[in-house]
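Given next are the chains, with one letter for each unit.
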Amino acid sequence: MIEIKDLFIKFPDFALQDINFSIGDGEFFMLLGPTGSGKTLILEAIAGIVPVTSGRILVKGKEITRLPPEHRGTSIVYQDYALFPHLSVLNNITYGLRYHKTDPNASKKRVMRLMEQLGLQSLAQRSIHNLSGGEKQRTALARALAVNPSVLLLDEPLSALDPNFREDIRELLKKLHQEVETTFLMVTHDFAEAMFLGQRMAVLNYGKIDQIGPVREVFKKPATPFVAKFMGIKNVFHASFKDKTAQVNNLELRLQSSPVENKRYVAIRPEDIMVTQNGAFENDRNVFQSKVLGVTDRGPYYEVSARTDDVIFSVMLSKNDFFKLELQKGIDIHLSIQPSAIHVF
């Protein structure tokens, strides 16, 4: 449905390089990466807003690389809504139809259906100034979908919303994707959004793609240290390997199986490390005596930093487990890691 081939976009202080990926018809695809990695630039290249230095963009087999925006079959929704303040909700939604050759009756039915799906019927004549953030985002979505695009491009559509509205719009996006015959390509830096909405994803690292794959596979099996850390795996270590063991500095970790050649790192999610004060674990685990270096309250959980030999681990504990263990800086504990929880890459 969407094919990006050798996309290269050059600016004085930044470049997108060697961007290659494809998106299936009707797929919900996510672009993840930190601020400044080039996510929005890819969307704007597909939409025709920024010029492409080299490479090709195809939608449904048709090359659109040099076409004007209105002839690409795409619509884009920005995080700040970009609504026309002097127009009503209904006039905002129908604004783009004047630039597309569509059957008036079919367009009217589509607009009415979208307004019903998005709960906007009662707001049709309301001024944009009198809308909440969630209502503005729903209006922007209706406007983008009113022209019946082949591709809906979403640039961090939830980031400007407060938490209550954000959850509502996230649910709405999932429902919309199931109901409309449109391919969704969404930019975000929030992995929770990607997990909830996306089917596949690409992770960008300053202008280049580090990894592409199903969302859960990237989460469980990151391909690079950058992706691992971006996915929240704070325990990423350079390692050497022999048979079913990994050597991290002076610490030896037992693995589930012997890794294939050319592997250089191990990664362990902080929530996969168990803690006790007496070292009572099953025999199949890696168990190490450690010392607590620090404790950080992260809101819904506690992050514990602990040193084992010359390796520092980050451990995630629920508040209930943390208070049961009565952890504090300087005390001795035992860490336990299942061999199956150690990702080798």
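This report concerns the structure included in the present document.

Calculation rules
Per-chain numbering applies: the sequence of each chain, read as written, is numbered from 1 onward. Selection of residues for local features in this predicted model requires a pLDDT of at least 70, selection of side-chain atom pairs for listing and counting requires 80 or more, and totals for whole chains, interfaces and linings are taken over all residues. The side-chain numbers reported here are obtained from all heavy atoms of the structure, hydrogens and water having been left aside. Numbering of helices and strands runs from the N terminus, with a helix taken as a DSSP run of H or I at least four residues long and a strand as a DSSP run of E at least two residues long. Expected span of a helix, by definition, is 1.5 Å for each gap between consecutive residues, and there is one gap fewer than residues. Three exposure classes are used, based on accessible area relative to the maximum for each residue type with a 1.4 Å probe and protein chains only: buried under 20%, partly exposed in between, and exposed over 50%. It is the directions from the helix axis to the C-beta atoms whose arc is reported. Throughout this description, a polar contact denotes any pair of N or O atoms lying within 3.5 Å of each other; where both atoms belong to protein, one of them has to be capable of donating a hydrogen while the other can accept it, and for residues adjacent in sequence the pair is counted only when both atoms sit in side chains. Classification of ring pairs uses Phe, Tyr and Trp, with its six-membered ring standing for Trp, and accepts pairs whose centres are within 6.5 Å; under 30 degrees between planes counts as stacked, over 60 as edge-to-face, and the remaining range as tilted. Pairing between two strands is assigned when DSSP locates at least 2 bridges connecting them. Helix axes are fitted only over the stretch in contact, all axes being lines through C-alpha atoms; the angle between N-to-C directions runs from 0 to 180 degrees.

**Some remarks on helix α5 (residues 163–179)**
Residue pairs three or four apart in sequence face the same way in an α-helix, which turns once every 3.6 residues.
Then comes step 1: For α5, built from 17 residues, the straight-helix expectation of 24 Å at 1.5 Å per residue is met to within 8% by its first-to-last C-alpha distance of 25 Å.
Then comes step 2: Those residues of α5 that fall on the buried side of the exposure criterion are I169, L172, L173, L176 and H177. Relative to the axis of α5, the buried residues are bounded by an arc of 135° and lie together on one face. Pointing more than 90 degrees away from the buried face of α5 are the exposed residues P163, N164 and Q178.
Then comes step 3: Taking the backbone nitrogen of F165 as reference, a side-chain oxygen 3.0 Å away marks D162 as the first, capping residue of α5.

**Quick look at the packing of aromatic side chains**
Then comes step 1: Following the criterion strictly, the structure yields 11 aromatic pairs and no others.
Then comes step 2: Here the aromatic rings of F21 and F29 are separated by 5.3 Å at their centres, their planes lie at 5°, and the arrangement is stacked.
Then comes step 3: By relative accessible area, which is 0% here, F29 ends up buried.
Then comes step 4: Centre to centre, the rings of F226 and F230 are 6.1 Å apart; their planes meet at 10°, and the pair counts as stacked. Here F226 pairs with F230, and both are found in helix α8 (residues 225–230), just 4 residues apart, close to one helical turn.

**Focus: the sheet that holds strand β16 (residues 273–276)**
Backbone hydrogen bonds are what pair the strands of a sheet, in a parallel or an antiparallel way.
Then comes step 1: Reading across the sheet, the 5 strands line up as β16-β20-β17-β18-β19 and stay open at both edges, with antiparallel pairing between neighbours. What marks the edges here is a single partner per strand, and that holds for β16 and β19 (311–318). Taking the axes of each pair of neighbouring strands and ignoring which way they run, one obtains an average angle of 45° across the sheet.
Then comes step 2: For strand β17 (residues 286–297) and strand β18 (residues 301–308), the ladder comprises 6 bridges, and the chain directions are antiparallel. Paired with K291 across the strands is R307, a residue of β18.

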